[in-house]
Amino acid sequence: MFDLAGMTVLVTGAGYGLGRGLVHGLVAHGATVIGLARSADALAETFSSLDSPNRYIVGDLTDDALYAALDELPEHIDVLVNNAGGDPHTKPWGQQTTEEWRDTYEINVIAAERLCRLLTPKMVERGFGRVINVSSIYGSIGQDPRNTGPRGGAGAYTAAKHGLIGLTHYLACQLGSTGVTVNTLSPGMITWQESPSQETLAIWDRLADQTPVRRTSLPEDYITATVFLSARGSGFVHGHNLVVDGGWSAW
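What comes next concerns the included structure.

Each value, and the rule that gives it
Residue positions are given per chain, counted from 1 along the sequence in the order it is written. The model is predicted, so local features are restricted to residues of pLDDT at least 70 and side-chain atom pairs to those at 80 or more, both for listing and for counting; the totals for chains, interfaces and linings are taken over all residues. By convention in this description, side-chain values take in all heavy atoms of the structure and omit both hydrogens and water. For helices, the axis comes from a line fit to the C-alpha atoms of the stretch in contact; other axes are also lines fit to C-alpha atoms, and the angle between any two N-to-C directions lies between 0 and 180 degrees. For the purposes of this entry, the term helix denotes a DSSP run of H or I that reaches at least four residues, the term strand denotes a run of E that reaches at least two, and both are numbered from the N terminus. Oblique is the label for any angle not under 35 degrees, not over 145, and not in the 65 to 115 range, which are roughly parallel, roughly antiparallel and roughly perpendicular in turn. Note: crossing handedness is left-handed where the near helix turns anticlockwise from the far helix by less than a right angle, and right-handed where it turns clockwise. Contacts are assigned to residue pairs with any non-hydrogen atoms lying within 4.5 Å of each other. Amino acid classes used here: Ala, Val, Leu, Ile, Met, Phe, Trp, Tyr, Cys and Pro are nonpolar; Asp, Glu, Lys and Arg are charged; the rest, including Gly, are polar. Classification of ring pairs rests on two measures: the distance between centres of Phe, Tyr or Trp rings, Trp counted by its six-membered ring, which must be within 6.5 Å, and the angle between planes, read as stacked under 30 degrees, edge-to-face over 60 and tilted in between. Only protein chains enter the area calculation, which uses a 1.4 Å probe; residues under 20% of their type maximum are buried, those over 50% are exposed, and those in between are partly exposed. We count a charge as sitting over a ring when the NZ of a lysine or the CZ of an arginine lies within 6 Å of the ring centre and within 35 degrees of the ring normal. Pairing between strands is defined by DSSP: at least two bridges between them are needed. In a helix, the anticipated span is given by 1.5 Å times the number of residues less one. Counting of polar contacts relies on pairs of N or O atoms within 3.5 Å, with two restrictions inside protein: one atom must be capable of donating a hydrogen and the other of accepting it, and residues adjacent in sequence are counted only when both atoms are side-chain atoms. Buried Ala, Val, Leu, Ile, Met, Phe, Trp, Tyr and Cys residues form a nonpolar core when they are joined through side-chain atoms within 4.5 Å. When the strands point away from the viewer and the connection leading from the first strand across the helix to the second strand turns clockwise, the crossover is called right-handed.

**Side note on the packing of helix 1 (residues 17–28) against helix 7 (residues 223–230)**
Moving on, step 1. One way to put it is that helix 1 packs onto helix 7 with a least axis distance of 9 Å and a crossing angle of 55°. Taken together, the axes of helix 1 and helix 7 lie oblique to each other. In this structure, helix 1 meets helix 7 at a crossing whose hand is right-handed. Along its contact with helix 1, which presents Gly21, Leu22, Gly25 and Leu26, the element helix 7 presents Ile223, Thr226, Val227 and Ser230.
Moving on, step 2. Its residues assigned to classes, the contact of helix 1 with helix 7 shows four nonpolar, four polar and no charged.

What follows is the structure, encoded as structure tokens:
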């Protein structure tokens, strides 16, 4: 029931970090994966150890032409993992511009909605599909100002990730009887940079201390949850926000 053999998964944001980890985990569980990201070099690294038919597409989810190209994919997409996103304009609240808020919302929410609008009708036609919107623990709670540097802040990101969970709830109500499930995966604190600064390492130590399991997470910590939400056996899990945070939100 949790074997992904015969299923094709589209993973956005597949070049680095969580996306790269999910690509490898899904392939290991039998899926064929198409990765999407802006960086050709990063995607090449992600897929360097993976054989055909696994492949990648270089593209920008803010580019209308990309959606036209995705509409012509020869593969049937069974699972959509909306992982692309992030916080491109981290700075204290009040310093983020309106345009930066719009840009953050564009890549975290609008891109996910556009992919859902493009791909879920085809899933409905086949009577099966899985949509996994990757939010964040900050999609459910706010950010403690002590958990970022003096030049950082996640105002736009927090609002956008709350919006992504709202998108999941709305689409779940629209697609409930179709065989297509829509769920959210909300990761906790992920630390994976190759050369973090001393300031960053100090913040990571603080985040680990605040997590009941006493560590931050790695991309590999989210493979099992993603496989579960992708699988045929999870068909009654719908409109749910699956929090995987090492207990961060438990206290």
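So much for the structure itself; the text now carries on.
**A short note on the packing of aromatic side chains**
Moving on, step 1. By the definition in use, this model includes two aromatic pairs.
Moving on, step 2. Ring geometry for phenylalanine 2 versus phenylalanine 228: centroids 6.0 Å apart, planes at 35°, classification tilted. Of this pair, phenylalanine 2 sits in the segment before strand 1 (8–12) while phenylalanine 228 sits in helix 7, placing them 226 residues apart in sequence.
Moving on, step 3. On the basis of relative accessibility, which here comes to 31%, the residue phenylalanine 228 falls in the partly exposed class.
Moving on, step 4. Ring centres of phenylalanine 47 and tyrosine 56 lie 5.6 Å apart, and the angle between their planes is 45°; this geometry places the pair in the tilted category.
Moving on, step 5. Using a relative accessible area of 34% as the deciding quantity, one classes tyrosine 56 as partly exposed.
Moving on, step 6. Between arginine 232 and the ring centre of phenylalanine 128, over which it is positioned, the NZ or CZ distance is 5.8 Å.

**Concerning the sheet that holds strand 7 (residues 241–244)**
Moving on, step 1. The strand order across the open sheet formed by seven strands is 3-2-1-4-5-6-7, and the pairing between neighbours is parallel. The open sheet has two edge strands with one neighbour each: strand 3 (55–58) and strand 7. Averaged over all adjacent pairs, the angle separating strand axes in this sheet is 20°, with direction ignored.
Moving on, step 2. Here strand 6 (residues 180–187) runs beside strand 7; their pairing, made up of four bridges, is parallel. Bridge pairing in strand 7 links leucine 185 to leucine 242.
Moving on, step 3. Docked against the sheet, helix 5 (residues 155–175) engages strand 5 (129–134), strand 6 and strand 7, running at close to 160° with respect to strand 6.

**Quick notes on helix 5**
Moving on, step 1. Look at helix 5: 31 Å from first C-alpha to last across 21 residues, which is about the 30 Å you get at 1.5 Å a residue.
Moving on, step 2. Three or more residues of helix 5 are buried, namely Ala156, Tyr157, Thr158, Ala160, Lys161, Leu164, Ile165, Leu167, Thr168, Leu171, Ala172 and Leu175.
Moving on, step 3. Against helix 4 (98–126), strand 5, strand 6 and strand 7 lie the buried residues of helix 5.

**Comments concerning the side chain of threonine 178**
Moving on, step 1. By the secondary structure assignment, threonine 178 is in the loop between helix 5 and strand 6.
Moving on, step 2. Within the structure, threonine 178 has its side chain in polar contact with the backbone nitrogen of valine 180 (distance 3.2 Å).

**A look at the nonpolar core**
Moving on, step 1. Residues Leu4, Val9, Val11, Val23, Leu26, Val33 and Val81 are the most contacted members of the largest nonpolar core, which totals 28 residues.
Moving on, step 2. Among the secondary structure elements, those contributing two or more residues to this core are strand 1, helix 1, strand 2 (32–37), strand 4 (79–82), strand 5 and helix 7.
Moving on, step 3. If you tally residues by element for this core, the top one is helix 1, at five residues.
Moving on, step 4. Beyond its immediate stretch of four places on either side in the chain, valine 9 contacts Leu26, Ala31, Thr32, Val33, Ile34, Val79 and Val81.
Moving on, step 5. Counting residues in each nonpolar core, the second largest holds 26 residues, with Leu70, Ala84, Val131 and Leu164 among its members.

**Section: the pairing of strand 4**
Moving on, step 1. Burial of strand 4 is two-sided: the residues Val79 and Val81 facing one way and the residues Leu80 and Asn82 facing the other way are all buried.
Moving on, step 2. Pairing geometry for strand 4 and strand 5, over four bridges, is parallel. Bridge pairing links valine 79 to arginine 130 in strand 5.
Moving on, step 3. Each parallel crossover has a hand, and the one from strand 4 via helix 4 to strand 5 is right-handed.

Geometric values such as these leave the question of function open.
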